[in-house]
Amino acid sequence: SSLWKNLFHQDELYNDGNSRVLDTLTFTGNHDMGRFAFFLKDKNPQMSEDELLKRLHLSNALMFFSRGTPVIYYGDEQGFVGDGGDGDSRQDMMPSFVDSYNDDDLIGTDATTAVANFDQTHPIYTELAALANVYQSHEALRSGVQHLRYASDSDNMLAISRVIPEDGVDYLILFNLGSNEHILSLDTAASSYEAIVEAKSFAQRKDTLEITLPGLSYAIYKSKTQVPAIEKPIFNIANYELSGDEF
């Protein structure tokens, strides 16, 4: 069973009379848990700068384009890392006098926290700006109902659709969370698609899509025609695999 299926199938628990899962705040790190960049570097100290940047960008794409309201923790756009959670992840944007912050090797820059960090040319800043532009340009990516199309832990692929029911336009969002290139085949009822963010290749043969994604990449395609209503999965607690730490 995919970790993604287990996660998204719980969404029904957050839909009731006065709340929606679409309104939940999503984030990759914060002032209590620490920064995602820290977790990456801590678990993979030999990871190259290029791979770190790709994984950070992919995590931000997941945050922006899956259901919920994306929240960026300040300083992440400047490559801040920190030494853990709580107070170890609260660096200043202005020049810092805290030695435990200033010895950090920031990602995507030669700067340190000993100087002001408001660089609008930082690679993470520019990529976040690009994600935000796509997010704001397409209502379905903000408020569309999410449907899980494919999820597999074995091949590290994830595909979701975001659809505003009244419009019936399918925004197909695909993620390759692994390091290797992968080809994914999906069924579709739409006649054709246009690229919002292009994959390496995208082919449609009648009612089947074949998409090639390089490792650590994502793509977004918008259907040119309406699609029939996708059945909304019903959450069944009996089918969810619980561990001792959940609920």
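Residues numbered from 1 in each chain as written. Predicted model: local features only at pLDDT ≥ 70, side-chain atom pairs only at ≥ 80, totals over all residues. Heavy atoms only, no water.

Brief notes about the side chain of Ser-59
The residue Ser-59 is located in helix H3 (residues 49–65) in this model. Engagement of the side chain of Ser-59 in a polar contact is seen with the backbone oxygen of Leu-56, the distance being 2.7 Å. Beyond its immediate chain neighbours, meaning those up to four positions away, Ser-59 contacts Thr-28 and Phe-36. (Helix = DSSP H or I, 4+ residues; strand = E, 2+ residues; numbered from the N terminus. Polar contact = N/O pair within 3.5 Å; in protein donor to acceptor, adjacent residues only side chain to side chain. Contact = heavy atoms within 4.5 Å.)

Regarding the sheet that holds strand S3 (residues 145–152)
Taken together, the five strands give an open sheet; going across it, the order is S3-S4-S5-S10-S7, and neighbouring strands pair in antiparallel fashion. Bordering the open sheet on either side are S3 and strand S7 (193–197), each of which pairs with just one other strand. Pairwise comparison of adjacent strand axes, ignoring direction, gives a mean angle of 20° for this sheet. Relative to strand S10 (residues 217–226), S7 is paired through four bridges, and the arrangement is antiparallel. Across the sheet, the residue bridging to Ala-195 is Tyr-221, located in S10. Where H3 meets the sheet, it contacts strand S4 (157–163), strand S5 (169–176) and S10, and its direction lies at approximately 30° from that of S10. (Pairing = 2+ DSSP bridges. Axes fitted to C-alpha atoms, helices over the stretch in contact; angles between N-to-C directions.)

Observations regarding the packing of helix H2 (residues 36–43) against H3
For any two helices packed against each other, one specifies the crossing angle of their axes together with the interaxial distance. The contact between H2 and H3 brings their axes to 11 Å, and the two run at 140°. Classified by the angle their axes make, H2 and H3 are oblique. Every pair of crossing elements has a handedness; the one defined by H2 and H3 is right-handed. Note on element contacts: H3 touches H2 through Leu-52, Arg-55, Leu-56 and Ser-59, opposite Phe-36, Ala-37, Leu-40 and Lys-41. Class assignment of the residues belonging to the contact of H2 with H3 gives a composition of five nonpolar, one polar and two charged. (Parallel < 35°, antiparallel > 145°, perpendicular 65-115°, else oblique. Left-handed = near helix turned anticlockwise from the far one by under 90°. Nonpolar A, V, L, I, M, F, W, Y, C, P; charged D, E, K, R; others polar.)

Notes on the sheet that holds strand S9 (residues 208–213)
Reading across the sheet, the three strands line up as S6-S9-S8 and stay open at both edges, with antiparallel pairing between neighbours. In the strand order of this sheet, the two ends are held by strand S6 (182–187) and strand S8 (201–205), each with one partner. The average undirected angle you get between the axes of adjacent strands in this sheet is 15°. As defined by bridge partners, S6 adjoins S9 across six bridges and the pair is classed as antiparallel. By the bridge assignment for S9, Ile-183 is matched with Thr-212.

What to know about the pairing of S4
Of all seven residues in S4, seven are buried; the element is thus mostly enclosed. Looking at chain direction, S3 and S4 are connected through seven bridges and run antiparallel. Directly across from Gln-146, in S4, lies its bridge partner Arg-162. Hairpin connection from S3 to S4: four residues lie between these consecutive antiparallel strands, with Asn-156 at a positive phi of about 60°. As paired strands, S4 and S5 are joined by six bridges and run antiparallel to one another. Pairing of Ala-159 across the sheet is with Leu-174, part of S5. Here S4 folds back onto S5 in antiparallel fashion, the turn holding five residues, of which Gly-168 has a positive phi close to 70°. (Buried < 20%, exposed > 50% of the residue type's maximum accessible area, 1.4 Å probe, protein only.)

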